[in-house]
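# Fold and geometry: a report
Here is what each chain is made of, one letter per residue.
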Amino acid sequence: DPRMTFSRASAGTFFGTEKVLSSENLIDYSSDISQSSWTKDGVTAAGSQTAPDGGTDAYKLTENSATAYHRIYAALTADGGAITLSAYVKYIGRQWVYVRLNDSTTTRRAWFDVQNGATGTADSQFSSTTITASGNGYYKITATLPNSTTSSSFAVIASAGSDGSYSTFAGLDADAFAVWGIQ
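All residue numbers refer to position in the chain's written sequence, counted from 1. Since the coordinates come from a predicted model, pLDDT governs what is reported: local features require at least 70, and pairs of side-chain atoms require 80 or more to be given and counted, while whole-chain, interface and lining totals use all residues. Water and hydrogen atoms were dropped before computing side-chain values, which therefore reflect all heavy atoms in the structure.

## Examining the overall build of the protein
Secondary structure elements follow DSSP: runs of H or I no shorter than four residues count as helices, runs of E no shorter than two count as strands, and numbering proceeds from the N terminus. Looking only at helices and strands, the protein features 0 helices and 14 strands. Written out in order from the N terminus, the α and β elements of the protein read β-β-β-β-β-β-β-β-β-β-β-β-β-β. Between buried and exposed lies partly exposed: a residue is buried under 20% and exposed over 50% of the maximum accessible area for its type, with that area taken using a 1.4 Å probe on protein chains only. The proportion of buried residues among the 183 residues of the protein is 38%. Whether two residues touch is decided by their heavy atoms; if any such pair falls within 4.5 Å, the residues are in contact. Within the protein, contacts between residues separated by at least 24 positions form 66% of all contacts whose residues are at least 6 apart in sequence. Only the protein chains shown count as cover for residues, and all accessible areas are computed by the Shrake-Rupley method using a 1.4 Å probe. Accessible surface, the protein: about 9600 Å² in total, of which carbon and sulfur atoms supply 47%.

Right under this line is the structure:
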C-alpha cells in the first residue's frame, strides 16, 4: 500500500522450513469476485462499490428471487493449524449473513448481523467470532477455527434469513450486502 512505510533496525529472521504464515491468504482472487474461482449461487455480483478504505473495489451481492442458497464460495487448501475467515461486509437490505468453512467431513457456520453490528449463533468448532465496525458502513467479520484439516475446503459467504438460518429461502430480488477484503 503506497500510503504506508516500514523500516527496521535489524534483519528479519526465518524460523524453520514450514509453510506457515500468519498473514497468508488462502483464497485465490480474494478481492475479485468476478473471477471464475468464485461460485455465485442465487446472487448477482456488481463491482465498483465503495469499499471501507474509500476505494471502489467492493462487490454488491444481490439476491435473486429463487428459493435457493444466496451465496458466493471459493475453494481453499488449509495446511493444518488455526485458520480464520474474515471479510468486510456492509448491510444493503440483508441483515444477516453467515460464513461457512467446510471440508470433506465437517461444515462449520457462524452468523453475523451486519445491520446492527452483532455476532449471532456460531457452531461450537469455532474458537472465536468477531464483528468490528469499520469505515463506510462496513463491519469486519471473523470466524476462527483452532484446527483445520489438510484436505480441500470451501469458504462461503452467504445471505441468511435470520440468525442460525442457512437453508434455502426465497430471496427478495432486492436485498443485498456488500463484501470486500475476503481472507
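Additional details are given in the paragraphs that follow.
## Comments concerning the pairing of strand S7 (residues 96-102)
Judged by how many residues are buried, S7 sits mostly within the fold: 7 of 7 residues are covered. Burial along S7 is two-sided: the residues Trp 96, Tyr 98, Arg 100 and Asn 102 and Val 97, Val 99 and Leu 101 are all buried. Looking at chain direction, S7 and strand S8 (residues 107-113) are connected through 7 bridges and run antiparallel. Of the residues in S8, the one forming a bridge with Asn 102 is Thr 107. Only strands joined by at least two bridges in the DSSP assignment are considered to pair.

## Observations regarding the side chain of Ser 30
Mapped onto the fold, Ser 30 is located in the segment before strand S1 (38-41). Accessibility expressed as a relative area gives 15% for Ser 30, which makes it buried. Within polar-contact distance, the side chain of Ser 30 engages the backbone oxygen of Ile 182 at 3.3 Å. Residues within four places of Ser 30 in sequence aside, it is in contact with Asn 25, Trp 38 and Ile 182. What qualifies as a polar contact is a pair of N or O atoms within 3.5 Å, subject to a donor-acceptor requirement within protein and to the restriction that residues adjacent in sequence count only when both atoms come from side chains.

## Some points on empty space enclosed by the protein
A cavity here means a set of 1 Å grid points, computed over protein atoms only, where a 1.4 Å probe fits but cannot escape. A pocket is an open set with protein on both sides within 12 Å along at least 5 of 7 lines, and lining residues have an atom within 4 Å of a point. Grid points are joined across faces, edges and corners, and a volume is the space filled by probe spheres set on the points. Counted under the stated rule, the structure contains 2 cavities of 30 Å³ or more. Each pocket or cavity is described by its volume, and for the second largest cavity that value is around 30 Å³. Ser 30, Ser 31, Ile 33, Asp 57, Ala 58, Tyr 59, Val 179, Trp 180, Gly 181 and Ile 182 together form the lining of the second largest cavity. Within the residue set of the lining of the second largest cavity, elements represented by two or more residues are strand S3 (58-63) and strand S14 (176-180). Ten residues, namely Ala, Val, Leu, Ile, Met, Phe, Trp, Tyr, Cys and Pro, are considered nonpolar, four, namely Asp, Glu, Lys and Arg, are considered charged, and the remaining ones, Gly among them, are considered polar. Here the lining of the second largest cavity is built from residues that sort into 6 nonpolar, 3 polar and 1 charged.

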